[in-house]
Amino acid sequence: MPRLGGGKPKNMGMTVKRLLSYVFKGYGFNFLLVLLCIIISAVAGVNGSMFLRALVDDYITPMLKSGSSDFTPLFHALVTLALIYLSGIIATYLYNVLMVGVAQGVLKKIRDEMFNHMQTLPIRYFDTHAHGDVMSYYTNDADTLRQMISQSIPQTFSSLITVIAVFFAMLKTNVILTALIVVFVFCMMIISKKVGGMSAKYFIHQQKSLGKLNGYIEEMINGQKVVKVFCHEEQSKEGFDVLNGELCENMYQAHKFANILMPIMGNLAHVQYALVAIAGGVLALNGISGITLGSIVSFLTLSRSFTMPISQISQQINSIVMALAGAERIFTLLDEKPERDEGYVSIVNAKYDGDRLVECEEHTGIWAWKHPHGDGTLTYSEVRGRVEFDDVDFGYNKNKIVLHGVSLVAEPGKKIAFVGATGAGKTTITNLINRFYYIADGKIRYDGININKIKKADLRRSQGMVLQDTNLFTGTVKENILYGKPGASDEEVIAAAKLANAHGFITRLPDGYDTMLTANGSELSQGQRQLISIARAAISDPPVMILDEATSSIDTRTEAIVQKGMDSLMHGRTVFVIAHRLSTVKNSDIIMVLEGGRIIERGSHKQLVEERGKYYQLYTGAFEPE
Amino acid sequence: MIKKLLRSVREYKKASILAPVCVSMEVIIEVTIPFIMSFLIDNGINKGDMSTILKIGGIIVFLACISLLFGVLSGNFAARASSGFAKNLRKDMYYNVQRFSFANIDKFSTSSIITRLTTDITNIQMAYQMIIRVAVRCPLMLAFSLIMAASVNKRMSLIFLCIVPVLGIGLLLIAAKAHPTFEKVFKTYDRLNNVVQENLRGIRVVKSFVREEHEKEKFADVSERIYRLFTKAERLLALNGPLMQFSPLMQFSIYFCMVMISWFGARYVIGGKLTTGQLTSLISYTMQILMSLMMISMVFVMIIISRASAERIAEILDEKPDIVQPEKPVLKVPDGSIRFENVSFSYASNKNNLCLKNINLEIKSGQTVGIIGGTGSSKTTLVQLIPRIYDVTDGTVYVGGINVKAYDLETIRNSVSVVLQKNVLFSGTIKENMRWGDENATDEEIKNACKLACADEFIEAFPDGYDTYIEQGGSNVSGGQRQRLCIARALLKKPEILILDDSTSAVDTRTDALIREAFANKIPDITKLIIAQRISSVKDADVIVVMEGGEINGIGTHEELLENNKIYREVYESQMKGDE
């Protein structure tokens, strides 16, 4: 859905400055060249319209008077003119070629910076911003920006130069007539602002009703099958007609005012022409301000070259304002604060040299914490996967705490399950372990190290994740598995796939491991996609695994297949499981029952059933797990 | 195709005709004005005749006013015509979509229907407005200006004859060359969008696998490709910049004419064959002629671009609903019995790829039937044939002893109430949503239906009760609540047959049991078909059908099937293991 009518940018000055800094940083020289080309091009144009005056006053009239037929001076003048024109054309061409590079280059830089910056943002940012909206930064907003850099700014600049040049030329010819024109142009600008304002007003209405209609269409078409099953077509049409009619009316108004702007400006220019002629005539005949009849003619031509660029500028202003609003949105993204990472403990491959753990290059299957100390020494300890929560509080915002005093210990190799209703805080807990979110109070320790001290990248690399939404990427099956461990060998990929119970169906795909997958995943069933995402987690061989509703969207028979993959994946690791099917949870070492952000019960399946508490109710189906 | 689209103009025909008429008038006056201006210069200013200046100046102002009037009118009519045309087109499409069967809907994806209804229509609207204004204006302007220029001086107008073809061919060549490159640019833009979208969606995966660098590389690669393609495409256009003022080709044409007119003009003026006024008017015509050529080339490109949109719109308008009303429809469903006779079905009407194979099944009115089977076993397909959501490929489905194809569509769909697997609630209050089932339902009836579906309790717990506003897609109620609301909505239809397609999957087992109990006690006469994953949901049904690979694998009661059906037993055991 398009965003509603672009609001006015709040801090135009800063935005322009920042934008220009992009232009000048990488393309300063080229941009100056561009400006130079624009000046040459504009001056050549102005020169041309001035020549007409010279043609009549300096060549034709004297020749008529003297009766001479010597065209050589005129010929020379025309050759000079042609040369000036030629330089103008070349300058324009150069401008076009250079400008493309500048505009596209700046755009690429902004785009890349946006994306790179986006990768550093905390998960919270992605939670709170609609994806469609973020995507439009890269398309709509970037596009208005491109238009502004490559069209609006140069045109305004060129028009400005033309206006200034013509203004002085007019001033030189006659002051009074110039004053008349300035007053007239001023009136024109007021009118154009009025009409343009009306148009803009309705354009905003139009965008709003377009948004409403889009929303309606989206909802109805998405529910089209329900509409059909309930024979609700007529009502659906009625609702549509109302919104469609409203949109049509606003569209009509917006376009009407936009359409009549040009005829108004054009015809006012005609009126101005007649007025100048009459005023000039009066002045000349009464001998005021020393104007000659000949100069009225040239003044008339000049006056037209004066109004044209002005109406062009007034047309550009709107699109510049819109583009600046887009730029401002882009800059807000760039100004979002990235994730903090104050960690210094890292994870390295290690091997045992006798009793001592030493760092090594190659992959040994043993990972070690590399712990630098203040005195410059290093200590190593093996990564085992013991996770401990010590009285942890957390809230997505400060006023609303969703986890209260959570304490738990996950010993290496144990399976910890979380159960509870939606919103009880199950997923939140797992998102704290890998520091997607920062805790408000308490401590989380990983093999005894406060996770704040661990480098975020290493922390996350040591934890595999399988989520309900598989989120495979466009690319081959192999590339998707390699996502978990870039640079792994084919053997490793196959081993991971076998571990996840995915090897069998992958080899039956038309291109085996090289089968292309797309994001919407029409090539594979949901279960198969999940198996690949399990293989992706398996290949990185992490000491800790997080399985968040990994099998929820699969039917029970398929789940049985996936489960085999999961079981072998879980073997020998610390595993956190979230599931609403109790069959998935039952064999966990400890089950935590969450309610309202608190752990209300904990223990093994057997213990909890005997306790006859919430878990027992849940287990016997007395309340809804989801 | 164009004709098909134009059928939607309808009541805006008048505006569509008046717009170009007004444009033509405007053009005629606009072309006359430079002619009169030359007269003003020659007979007024150059002769110092104030009364002529005043008179002709007055005429110019007068003409400008008329031209302004026509300009405003034409702008108005064009806006009216184009926005009206767009409205009708959108309406025609939407109405046709409402006639679509499920098969039609499946053919176009939802998002594609939405784009066609929005972006594509906007493209067509812009093109239409361009055509009735600019496409009329420019050729007229070109023709009139050429005529006027020729009438001022025939020999001089030959200059235009030289430059017009050069400019015209140049513009076309550039457009033809740049167009394919731009198409490539747009495709690459799709790639860019795809990368960003996947990244946004999978940001948790990206971050947990610490693959930010990889994502950045992927993005930088596409970004670089766009940069290169775009630069290449725009360099091709460098000869004809996006703005008239920055088009070297236009500048060349204008300047060429100026120099030529100045040279020959001066000779003619001195030779007495031309006046200075006529010279200036010739220059005005030069501008008008070249400008209209430029605009024509723009319209040309615009039409090419909008052609794709027109095709996409026509596709929707052309789509014939493949389920049609019978000629003499039966308006009453006698009872809730169902019979499948040798039914086969394929979504693609392809007999080699059948989703249902030779199904024979008889269900008595008032029976409760459970259907169970793995994903892809065509359970949903089977039940969708009953209310004619899809039509059988082979065989016959009878409801109440009558072929479903003989019923009035609305009758059969109202008598067979389906709660779809992909449930949707619409934005509006709970009551409004309930009234989808029965527009005239009383509050009492709504409450009863909700009680049956075990929804009454949680609805009453909402502060606004039945007037609680449901957000789009029902995002402010839980999955289980949504399912129960959908069941209540379906019950309000007072159907003969009720089909629940995995509609209680998110409802806890106890509530699920309560709903089934209520069904058995309160609506015993309604035939109930229940598709479920959980054995517990179908265990007590009169008959249970086990589906596998599009065929019926077994029919019987729970006990019978446990006895003699391997699949059923397997499913039962896998579920009981977790529940013991």
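Please refer to the structure higher up on the page.
What you are looking at is a predicted structure, and each value in this text was computed from that prediction instead of being measured.

Asks: Any chance you could break down the pattern of salt bridges for me, citing the residues and the numbers?
Replies: Between side chains of opposite charge, pairing is possible as soon as their charged atoms come close. Residue and element names in this part refer to chain A. Scanning the entire structure with this criterion turns up 46 salt bridges over all chains. Between Asp 390 and Arg 445 there is a salt bridge whose closest N-O contact spans 3.8 Å. Placement of the pair is Asp 390 in strand S5 (residues 387–397) and Arg 445 in strand S8 (residues 441–446), with a sequence separation of 55 residues. Residue Arg 445 is classed as partly exposed on the basis of its relative accessible area, which comes to 22%. Here Lys 478 and Asp 490 are joined by a salt bridge, their closest N and O atoms 3.2 Å apart. Here Lys 478, found in helix H11 (residues 477–482), pairs with Asp 490, found in helix H12 (residues 490–499); they are twelve residues apart in sequence, far enough to count as distant. Taking the relative accessible area as the measure of exposure, Asp 490 reaches 41% and is therefore partly exposed.

Asks: Account for the pairing of S8 of chain A, with residues named and values stated.
Replies: Residues and elements named next belong to chain A. Sheet analysis places S5 next to S8, joined by five bridges and oriented antiparallel. If you follow Glu 388 over to S8, its bridge partner there is Arg 445. Taking the residues between adjacent antiparallel strands as the criterion, S8 and strand S9 (residues 449–450) are bridged by two residues, where Asp 447 takes a positive phi near 50°.

Asks: Give a description of the sheet that holds strand S14 (residues 574–578) of chain A that names residues and reports values.
Replies: Residue and element names in this part refer to chain A. Within the open sheet, the six strands sit side by side as S10-S13-S14-S7-S15-S16. Their pairing is mixed. Edge positions in the sheet fall to strand S10 (463–467) and strand S16 (598–603), since each of these pairs with one other strand and no more. Taking the axes of each pair of neighbouring strands and ignoring which way they run, one obtains an average angle of 15° across the sheet. Of the strand pairs in this sheet, strand S7 (residues 415–419) and strand S15 (residues 590–595) are connected by four bridges, and their pairing is parallel. When the bridges of S15 are listed, Ala 417 appears paired with Ile 591. Running over the sheet, helix H9 (residues 426–433) touches S7, S10, strand S13 (544–548), S14 and S15 and is turned about 150° from S14. Where helix H14 (residues 526–539) meets the sheet, it contacts S10 and S13, and its direction lies at approximately 175° from that of S10.

Asks: So, the nonpolar core: which residues are in play, and what are the values?
Replies: Leu 5, Phe 340, Ile 371, Leu 385, Ile 386, Leu 485 and Leu 529 of chain B are the most contacted members of the largest nonpolar core, which totals 159 residues. Ranked by residue count, the leading element in this core is helix H3 (residues 50–99) of chain B, at 15 residues. Listed in part, the 90 residues of the second largest apolar core include Val 106, Ile 444 and Leu 594 of chain A together with Val 185 of chain B.

Asks: Talk me through the interface of chain B and chain A; I want residue IDs and the actual numbers.
Replies: The interface is formed by 152 residues belonging to chain B together with 147 residues belonging to chain A. Between chain B and chain A, roughly 13500 Å² of surface is buried when both sides are summed, and carbon and sulfur atoms account for 66% of that area. Put simply, chain B and chain A have three salt bridges between them. Among the ionic pairs, Lys 108 of chain A bridges to Glu 224 of chain B, the shortest N-O distance being 3.4 Å. Linking chain B with chain A are 32 residue pairs in polar contact (both at pLDDT 80 or more). Here the side of chain B that touches chain A gets 26 residues from one element, more than from any other, and that element is H3 of chain B. Among the residues making up the side of chain B that touches chain A, the classes are represented as 70 nonpolar, 45 polar and 37 charged.

Definitions and cut-offs
- Residues numbered from 1 in each chain as written.
- Chains lettered and ligands numbered in written order.
- Predicted model: local features only at pLDDT ≥ 70, side-chain atom pairs only at ≥ 80, totals over all residues.
- Heavy atoms only, no water.
- Salt bridge = Lys/Arg side-chain N within 4 Å of Asp/Glu carboxyl O.
- Helix = DSSP H or I, 4+ residues; strand = E, 2+ residues; numbered from the N terminus.
- Buried < 20%, exposed > 50% of the residue type's maximum accessible area, 1.4 Å probe, protein only.
- Pairing = 2+ DSSP bridges.
- Axes fitted to C-alpha atoms, helices over the stretch in contact; angles between N-to-C directions.
- Contact = heavy atoms within 4.5 Å.
- Core = buried A, V, L, I, M, F, W, Y, C linked by side-chain atoms within 4.5 Å.
- Buried area = accessible area lost by both parts, 1.4 Å probe.
- Polar contact = N/O pair within 3.5 Å; in protein donor to acceptor, adjacent residues only side chain to side chain.
- Nonpolar A, V, L, I, M, F, W, Y, C, P; charged D, E, K, R; others polar.

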